[in-house]
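# Inside the fold
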Amino acid sequence: MSIACNKVKNVRCARVCSNEDAYYTRLHNNANVIALSENVENVEEIITTFLETKFSNEEKHIRRIEMISNYDN
């Protein structure tokens, strides 16, 4: 699911299995889509964490996203 989503321009999808995954994929990668398995527990908590976590805006994370975005071109 996440592989297919990442084929769409400007989508940064991450496979998320935990609250920690949700937190760091937003904080470090500014993901805008998550892929969840039906077997994941506490889905509501994971989604809330994902939606409420802001991107860090650290230079190293910005560079990483720019590098990933360049693959879209």
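Residues numbered from 1 in each chain as written. Predicted model: local features only at pLDDT ≥ 70, side-chain atom pairs only at ≥ 80, totals over all residues. Heavy atoms only, no water.

Moving on, we come to the packing of helix H2 (residues 19-29) against helix H3 (residues 43-52). The N-to-C vectors of H2 and H3 enclose an angle of 15°; their axes lie 8 Å apart at closest approach. The orientation of H2 with respect to H3, classified from their angle, is roughly parallel. In this structure, the crossing between H2 and H3 has a hand that is right-handed. Contacts between H2 and H3 pair Asn19, Ala22, Tyr23, Thr25 and Arg26 from the former with Glu45, Ile46, Thr49, Phe50 and Leu51 from the latter. Its residues placed into classes, the contact of H2 with H3 shows 5 nonpolar, 3 polar and 2 charged. (Axes fitted to C-alpha atoms, helices over the stretch in contact; angles between N-to-C directions. Helix = DSSP H or I, 4+ residues; strand = E, 2+ residues; numbered from the N terminus. Parallel < 35°, antiparallel > 145°, perpendicular 65-115°, else oblique. Left-handed = near helix turned anticlockwise from the far one by under 90°. Contact = heavy atoms within 4.5 Å. Nonpolar A, V, L, I, M, F, W, Y, C, P; charged D, E, K, R; others polar.)

For the protein chain, the average pLDDT comes to 92, and 97% of its residues sit at 70 or higher. Mean pLDDT values for the elements of the protein chain range from 90 in helix H4 (residues 59-70) up to 97 in H3. (pLDDT = per-residue confidence, 0-100.)

Turning next to unusual backbone geometry. Look at asparagine 10: it is not a glycine, yet its phi comes out positive at around 70°. Within the secondary structure, asparagine 10 sits in the loop between helix H1 (2-5) and strand E1 (13-15). Take asparagine 10: its relative accessible area is 51%, and that puts it in the exposed class. Although it is not a glycine, asparagine 30 adopts a positive phi angle of roughly 50°. (Buried < 20%, exposed > 50% of the residue type's maximum accessible area, 1.4 Å probe, protein only.)

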